[in-house]
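Observations on the model geometry
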Amino acid sequence: MKIKLQGKEIILEKPKRILEFIDNNDYKYMAAKVNNRLRELRYIVSDDANIELLGLEDSDVCRIYQSTLRFLVFMALHNVYPKAKLTYNYSVSRAIFASVSNLGHPFLQSDLDLVQKELENIINADYPIVRSTITKDEALKLYKDLGADEKVKILKYRKEDKVHVYECNGFMDYMFGYMLSSTGYLKKYSLKLYTPGFLITYPRSETLGEIPEFQDERVFRNSLKEANRWTNISKASYISDFNEIIEQGKALEFMNICETRHNRQLSDLGQKIQNKIEDIKLICVAGPSSSGKTTFTNRLRIELMSRGINPLMISIDNFYKHPDLCPLGADGKPDFEDIDALDRKLFNECMYNLIQGEKVSLPTYDFTTKTRSFSEPIKLMHNQPILIEGIHALNDDLTPSIAHEEKFKIYIAPLIQYRIDERNPISISDLRLIRRMVRDYNYRGTTCERTLEFWPSVRAGEFKWIYPYQNDADFVFNSELGYELCVMSKYAIKLLSEIKEDSPHYITANRLLKFLKYFTPISDKWVPCNSILREFIGGSIFYTEDKC
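All values reported here derive from a predicted model rather than from experimental measurement.

So, the overall build of the protein chain
- Looking only at helices and strands, one finds 14 helices and 23 strands in the protein chain.
- A compact globule built from 548 residues should have a C-alpha radius of gyration of about 24 Å, and the protein chain, at 25 Å, falls within 12% of that.
- Once the C-alpha set of the protein chain is aligned to its principal axes, its extents read approximately 75 × 55 × 45 Å.
- Split into buried and exposed, the 548 residues of the protein chain put 54% on the buried side.
- Sequence separation of 24 or more characterises 72% of the internal contacts of the protein chain that already satisfy a separation of 6 or more.
- Of the roughly 25,000 Å² of accessible surface on the protein chain, 49% is carried by carbon and sulfur atoms.
- Each charge class in the protein chain can be summarised by its mean position, and for the 75 positive and 76 negative side chains these summaries are 3 Å apart.

Side note on the pattern of salt bridges
- Tallied over the entire structure, the rule returns 30 salt bridges.
- The shortest N-O distance in the salt bridge between D173 and R423 comes to 3.0 Å. On the criterion of sequence distance, the pair formed by D173 in strand β12 (residues 171–173) and R423 in the loop between β21 (419–421) and β22 (424–425) is long-range, its members being 250 residues apart.
- One salt bridge connects R459 with E462, and the closest N-O pair in it is separated by 3.2 Å. Remark: E462 and R459 occur in helix α11 (residues 448–465); sequence separation between them is 3 residues, near one turn of the helix.

Considerations on the packing of aromatic side chains
- One pass over the structure, following the stated rule, counts 19 aromatic pairs.
- Both rings, one in Y27 and one in Y185, keep their centres 4.6 Å apart while their planes meet at 65°; by these two values the pair is edge-to-face. Of this pair, Y27 sits in the loop between β3 (16–17) and β4 (31–34) while Y185 sits in the loop between β12 and β13 (190–194); the two residues are 158 residues apart in sequence, bridging distant segments of the chain.
- Arranged with centres 6.2 Å apart and planes meeting at 45°, the rings of F242 and F254 form a pair that is tilted. A residue pair is termed long-range when its members are at least 10 positions apart, and F242 in helix α6 (residues 239–247) and F254 in helix α7 (residues 251–275) qualify at 12 residues.
- Residue F242 is classed as buried on the basis of its relative accessible area, which comes to 2%.
- Relative accessible area serves as the criterion here: at 8%, F254 is assigned to the buried category.
- Through pairs of rings, three or more aromatic residues link up here, namely Y166, Y174, F176 and Y518.
- For K151, the ring lying beneath its charged end belongs to Y143, and the centroid distance is 5.2 Å.
- We note K514 situated over the ring of Y178; from NZ or CZ to the ring centre the distance is 4.8 Å.

Overview of the sheet that holds β12
- A sheet is described by the order of its strands in space; here 3 strands give the open sequence β10-β11-β12, paired in antiparallel fashion. The sheet is open, and its two borders are formed by β10 (130–135) and β12, each paired with just one other strand. For this sheet, the mean angle separating the axes of adjacent strands, direction not counted, is 35°.
- In this sheet, β12 lies alongside strand β11 (residues 162–168) in antiparallel orientation, the contact comprising 3 bridges. Bridged to C168 within β12 is F171.
- Running over the sheet, helix α1 (residues 59–80) touches β11 and β12 and is turned about 135° from β12.
- Of the strands in this sheet, β10, β11 and β12 touch helix α3 (residues 136–145), which is tilted by about 110° from β10.

Observations concerning the state of the cysteines
- Counted under the stated rule, the structure contains 0 disulfides.
- In this structure C258 is a free cysteine whose sulfur lies 9.6 Å from that of C486, the closest cysteine sulfur available.

Observations concerning α6
- In terms of burial, α6 is largely enclosed, as 7 of its 9 residues are buried.
- Taken together, the buried positions of α6 are occupied by I239, S240, D241, F242, N243, I245 and I246.
- Contacts from the buried residues of α6 go to α4 (149–155), α7, β21, α12 (484–497) and α13 (506–516).
- Immediately downstream of α6, the backbone of G249 shows phi near 75°, a positive value.

Points about the sheet that holds strand β15 (residues 282–286)
- In spatial order, the strands read β16-β19-β15-β20-β23; together these 5 strands make up an open sheet with parallel pairing. Bordering the open sheet on either side are β16 (312–315) and β23 (475–478), each of which pairs with just one other strand. Adjacent strand axes in the sheet meet at a mean angle of 25° when their direction is disregarded.
- Bridge count between strand β20 (residues 407–413) and β23: 4 bridges; the pairing is parallel. In the sheet register, Y411 faces β23, and the bridge partner there is V476.
- In the packing of α7 onto the sheet, the strands contacted are β15, β20 and β23, and the crossing angle to β23 comes to about 165°.
- Across the sheet, helix α8 (residues 293–305) lies against β15, β16, β19 (386–389), β20 and β23, angled at about 165° from β19, the strand it touches most.

Conventions we followed
Residues numbered from 1 in each chain as written. Predicted model: local features only at pLDDT ≥ 70, side-chain atom pairs only at ≥ 80, totals over all residues. Heavy atoms only, no water. Helix = DSSP H or I, 4+ residues; strand = E, 2+ residues; numbered from the N terminus. Rg over C-alpha atoms; globule rule 2.2 N^0.38 Å. Buried < 20%, exposed > 50% of the residue type's maximum accessible area, 1.4 Å probe, protein only. Contact = heavy atoms within 4.5 Å. Areas by Shrake-Rupley, 256 points an atom, 1.4 Å probe, with all protein chains shown as cover. Lys, Arg positive; Asp, Glu negative; His and termini not counted. Charge placed at Lys NZ, Arg CZ, Asp CG, Glu CD. Salt bridge = Lys/Arg side-chain N within 4 Å of Asp/Glu carboxyl O. Phe/Tyr/Trp six-rings, centres within 6.5 Å; stacked < 30°, edge-to-face > 60°. Lys NZ or Arg CZ within 6 Å of the ring centre and 35° of its normal. Pairing = 2+ DSSP bridges. Axes fitted to C-alpha atoms, helices over the stretch in contact; angles between N-to-C directions. Disulfide = S-S within 2.5 Å.

Structure representation (structure tokens):
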């Protein structure tokens, strides 16, 4: 067999596992792409192949690392406290939050110390981690023995007769993703007591394989706790919960509950702004891609108008510079997510002059011709705030001339607390990717593969330009809708299933399909016309001409 390994040709006389013919004593490589398919290092190469070895700078490898770490933390806890139950919940500052129950006492530092010591023993032993296939009946018994009630429930919705599991020194579980070859690879991690459980930090690709510094983001953390409380109240934490709601004929009721929660958040926000309207001059809305910012901003405007407040909406996009004047990204092309792609001087001047009661001509940017035109001069009315929305809206560098106390900052994001089962939470960024993928395909003429291609650069921009400012928010709006993946799954599965195995984005597509296929679909015809979800699936009242 002819193998091209890292660009160099080698010959294999017989099929071998990747880890058997690479030099990896320092655990530098953790996975591989084999003919463009993501593979574990235990994968057996049995034909000609092009192999690229991957380390922690790769985002897919970091997911494998994280899955393995979650597996081993549970293994360590199970060895120390066999009856304990472990649930992975929301993330805090790029760390996994874990809660422990069924101990008979609160989880204390002494308990974490025991788990830490056992985890170190497991890692130092460098036990092999081996994938195998068992029947659904065997999986059912395994999960019952582990006390994994949600794993038992989700099996009902698995169409395949077989189940993949991983075994390590007699311990078995499954994390819905690939794993490292042995426990010795896990050299970088930390455990930190964090009421009412503990945090697990791990290497991230955006920090080039290092553990990012932990920052306790109070505002965002409280919003995540509230989101977790909501999922517990609504009894919709797991995919099986959503499916059971549908099976019981309560889908419409649940949809209404979720939408009403959005209405209540808007009402609370409207009241906060109304209480301070004498001081508020600028309402700033920002959030990561596909958070629902456009629909939210329109709904906020309506909410404020119902209170006698008529905000002036101004699009930050109209302040873009000509591409020739924009900073360049790593690819040598104009970086439109950089704050200096905007005419900051003009924007700050326009906002300041409006707030000072001056008449101002505002620009309109033509994205086709890359030129600006200007409106007739306008002037703010008494107690009329300006409402802006955009990636840099919370960044004070955009409006340095406006006093901090005259700004009301709103951060919007879907703070989901969904899980496949107790130890497999669904990523917030994956939900946003699915939203964007469906929207871009249906309404922006963008293929699914194109969306996946640009997603890493979108994420890089978020880490640089959005997340550092989220903790300055005066209000965090949780834009998740508990029922949304039951609606969007049918759209997303169709798009993802069309991606061929030779595509560079097949790895991501396959990963997303692994959990989307478990959702029972529901019709989108009952989704309200003003719902944030309509921004992605279509039919929004804010994009429809009023012909009444």
